[in-house]
Amino acid sequence: MTRGNSIEALLISENAETVKRIRQLLAAEPEAKIAVGTTARFTGALERISAGGVDLVLLDFDLSEGTGLGVLHQLRERAPGTPVVVVVRVDDTELAIELLRHGAQDVLAKGTLEGKSLVRALRFAKERDHAERQQQITLHMGDIPDCIILHEGKDGLTKLVLSPDQRFKLDILIAPPGNPAAEVSGHDFAADWSAVIPADPCVPGQVIEQLLPDGGISWNLVTKPPPPGDAARVVGTFRISQEATDPSAVAEVHEMEERYGRLLNSVSDYVYTVTMQEGRVASTDHGPGCRAITGYSPEEFKTDPSLWSRIIHPEDREMVLAKVQQLIQWGVPGDIEHRLLKKSGRIAWVRNKQVPRYDSNGRLIAYDGLISDITERKITEELLFAANTHLKDVVSDLVKSQEELNAAHLQLIQAEKLQSVGRLAAGVAHEVKNPMAILQMGIQYLVDSPVGDDQTRDTVLHEMRSAADRANSVIENLQNFSSARELANRAVVVNQVIADALQLIRIDLTKRKVEVVTELAPNLPTCNLESTAIEQVLVNILTNSCHAMPNGGTISIRTFLRIAAETDVERTHGDRSGRFLRVGEPAVVMEVRDTGTGIPTEQLPHMFDLFYTTKETGKGQGLGLAVSKRIIDLHGGRITIANAPGGGSVVTILLPANPPTV
Amino acid sequence: MKKKRILVVDDEAGFTHLLKLVLPIYEIREENNPMQVIATALDFKPDLILLDIIMPEMDGGTLAAKIKEEPLLRFVPIVFLTAIVSSKEADGRKTIDGHPCLAKPVTKDKLIECINQYLPD
């Protein structure tokens, strides 16, 4: 018996020389722990082996009482569990193979024997033999049925159960005859039996799934041989059942099935073929993926050729069938999207691509189609469409609001226009009616006293003429203001215009004791302007300044170039000049500052209003600044008025500067 | 019979001058500076005041209120004579702040009619 790594070997040899040599060799390898017992006779050897404690037999092939081969046979037969290593006199390969075939574990030649190789050979022989036996046991175990059921007559049921641990003890459980439902040792024979198809007398090695009492599943290879004797008088059947798979394999199979099922249920594409015969549909084959998309199995489609056209959504059917007709008649490949009614009643959207297939004669024999489930895409599309529609509504609402706003804006502008017309009317009334009143009175005087004194008469006529002039100038200014005049623009440096304007009112300035200080930037770029119009603006502003300084003062005029800022280009609505100052573009600035009374804050916003005046009747018509603004607007510029920090007011005019000439 | 005294207040000297020439039947005093009106009126003691409305420094409405505050002037009738109303509006029945109102330009007859209507007896 093996104790740890040591080996108990039994040497069968009649040759003292051989025995001595082997003992010497093994004694020289004490770590190998191989003990050698010897016997000269085969009978003695059998006794020692059956007594136990022999791991291995070393057989000297040259035995006198028979051939070594005979002894080998006897040993293999009577002590199959003990490996045999044969020692031969000559190294003969043919003989060695022969011996191995007859069950020898190894064959060693006496002449080449050597300590280490002998030890290794014996050890290998033992291990090899052990492994072979293990293998054989496993093989045999696989062949042993787990259960044998014998069915006799109607009720008789006998079951031989071989549980794995019982296989070698061969405990036999016998179910009592006449009581098939009775349980013996926890085995339900009736349940076992019901797993066999009773109607089928013959089951040739079928794998049957069986539910175990603990809820698990066992797969059994079941063989039910035909009953012996006359089939017409069946007296019983028997079944041999054997577990076919180990539990992990079952789990694997299940997992595979589940995965396959999942795969099949989640496929979004499948292929189908419609076979044609003489222009008519002969058969339809749908790939297994059809189950996931349509809910119908390939078999259902095969047995019911019109099923396919029936499950097309009624609203799409005409279109789909027309496409198919085109395909059949003209060979036009189809690529359409339509709805299907699934077996569950739900609607699936599919893309259906069809390609015709022809035989060598050009006859249509079939068409192949690819069905792709696009339901999700369609849902997304519909959601997108809905979102888009909503967005469109929102946009159209916005546009509508914008239009309403514009309309309101226009109304506002209109109202403002009406307001300015009202203001205009009132202004005109006041400015014209006053001279008219003078005229009226003058005429009355002339009527009343045709022969009055000439001096009074002259005074009256002078007053009347002056009144008529005033009325006329109001009307003319108004015409200037309202006419969309074309400006005769030329490239002019504003410094020149300022000089001209100053020249025009030079006498007035002197009379009013107003000093003018100019600070005009040299090398200013030109502006496109009508000199007389800008002159008019400057005269207006200078006159205003003069009026603001009844006791004289100083007017400072400055010109310079600056880049138009955001605050410089504020446009008023209704400005349709099309030319205006843009942010970041150079502008020529004219600044007119006086040392006058300044402007009350509440009046500042109205300074450019038509007929807005702070002056006494006859001195200001409320036209000057309004007309000036109009003129500057026409030049695409900007005019502002403010109170100067140190007192007095400051008027700033910006005009777009021309690019420098090369 | 003593001429009725009329104080004409208007910043337009041309107008007041002509009015004086046209209405010799009344004793007319011109005043072109609204700030001087109270002093002039206290001095002149008019039987009626013709008052312009749109004037620099003080408008006719404010001036009328000031006149009514003066104990010696409060009973002097005031007639507005202004270009800011139309003749249709001011046919003699329209009033501003309780005072009758005439529109410029006005005829001599209309003016006399109105003055006589409001002159105290």
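None of the values given here were measured: they were computed from a predicted structure.

Trainee: Help me out: how do you make sense of the interface of chain B and chain A in this one?
Mentor: As a measure of interface size, the accessible area lost when the parts come together is often cited. At the junction of the two partners, chain B supplies 19 residues and chain A supplies 24 residues. With 7 residues, helix α1 (residues 13-22) of chain B is the single largest residue contributor to the side of chain B that touches chain A. Residue composition of the side of chain B that touches chain A, grouped by class: 12 nonpolar, 3 polar and 4 charged.

Trainee: For this particular structure, what's the right way to read the pairing of strand β13 (residues 269-277) of chain A?
Mentor: If a strand is regular, its side chains alternate between the two faces of the sheet. Residue and element names in this part refer to chain A. By the bridge criterion, 7 bridges tie β13 to strand β17 (residues 364-373) in an arrangement that is antiparallel. Bridge pairing links D269 to S372 in β17. Looking at chain direction, β13 and strand β14 (residues 280-286) are connected through 6 bridges and run antiparallel. Bridge pairing in β14 links Q277 to R280.

Trainee: It is not clear to me how the packing of helix α14 (residues 494-504) of chain A against helix α16 (residues 531-548) of chain A should be interpreted in this structure. Could you clarify?
Mentor: The geometry of a pair of packed helices is captured by two quantities: the angle between their axes and the separation between those axes. All names here are of chain A. α16 packs onto α14 with a crossing angle of 55° between their chain directions and a minimal axis gap of 9 Å. When the interaxial angle is binned, α14 and α16 end up oblique. Crossing handedness for the pair α14 and α16: right-handed. Contacts between α14 and α16 involve V497, I498, D500, A501 and L504 from the former and S531, I534, E535, L538, V539 and L542 from the latter.

Trainee: Help me understand the nonpolar core, please; the structure alone is not making it clear to me.
Mentor: Generally speaking, nonpolar side chains in soluble globular proteins are found buried as a group. If you look at the biggest cluster of nonpolar residues, it comprises 43 residues, and the most contacted ones within it are B:L18, B:I49, B:L51, B:V79 and B:L102. It is α1(B) that contributes the most residues to this core, 5 residues altogether. Residues A:V514, A:V592, A:A626 and A:I653 belong to the second largest nonpolar core, which totals 40 residues.

Trainee: Looking at this structure, how should I read the confidence of the model for chain A?
Mentor: Caution applies to low-pLDDT parts of the model: their predicted coordinates are not meant to be read in detail. Residue and element names in this part refer to chain A. For chain A, per-residue confidence averages 75 on the pLDDT scale, and 70% of positions sit at 70 or higher. Scored below 50 in pLDDT, residues 162-187 shows 35 contacts in the model against residues more than four places distant or in partner chains. Counting contacts from residues 572-578, a segment whose pLDDT is below 50, to residues more than four positions away or on other chains yields 7 contacts.

Criteria and cut-off values
Along each chain, numbering runs from 1 in the same order as the chain's sequence is written. Just so you know, chain letters begin at A and ligand numbers begin at 1, following the order they were written in. Local features in a predicted model are, by the rule used here, given only for residues with pLDDT of at least 70; side-chain atom pairs are given and counted only at 80 or more, and totals for whole chains, interfaces and linings are based on all residues. For the purpose of contact definition, each residue receives a C-beta atom placed from its backbone, and two residues are in contact when these atoms lie within 7 Å. Helix and strand assignments follow DSSP, with helices taken as H or I runs no shorter than four residues and strands as E runs no shorter than two, numbered in order from the N terminus. Throughout, the ten residues Ala, Val, Leu, Ile, Met, Phe, Trp, Tyr, Cys and Pro are labelled nonpolar, Asp, Glu, Lys and Arg are labelled charged, and all others, Gly among them, are labelled polar. Here, a strand pair is defined by DSSP locating no fewer than two bridges between the strands. Interaxial angle, 0 to 180 degrees, is taken between N-to-C directions of lines fitted to C-alpha atoms, where a helix line uses only the stretch in contact. Should an angle fall under 35 degrees it is taken as roughly parallel, and over 145 as roughly antiparallel, whereas 65 to 115 is taken as roughly perpendicular and any remaining angle as oblique. Two helices cross in a left-handed way if the nearer one is turned anticlockwise from the farther one by less than a right angle. They cross in a right-handed way if the turn is clockwise. Residues enter a nonpolar core if they are buried, belong to Ala, Val, Leu, Ile, Met, Phe, Trp, Tyr or Cys, and are joined to the set through C-beta atoms within 7 Å. Counting other C-beta atoms within 10 Å of each residue's C-beta, where C-beta atoms are placed from the backbone, gives the exposure class: buried for 20 or more, exposed for 12 or fewer, partly exposed between. Note: pLDDT gives the predictor's confidence per residue, expressed from 0 to 100.

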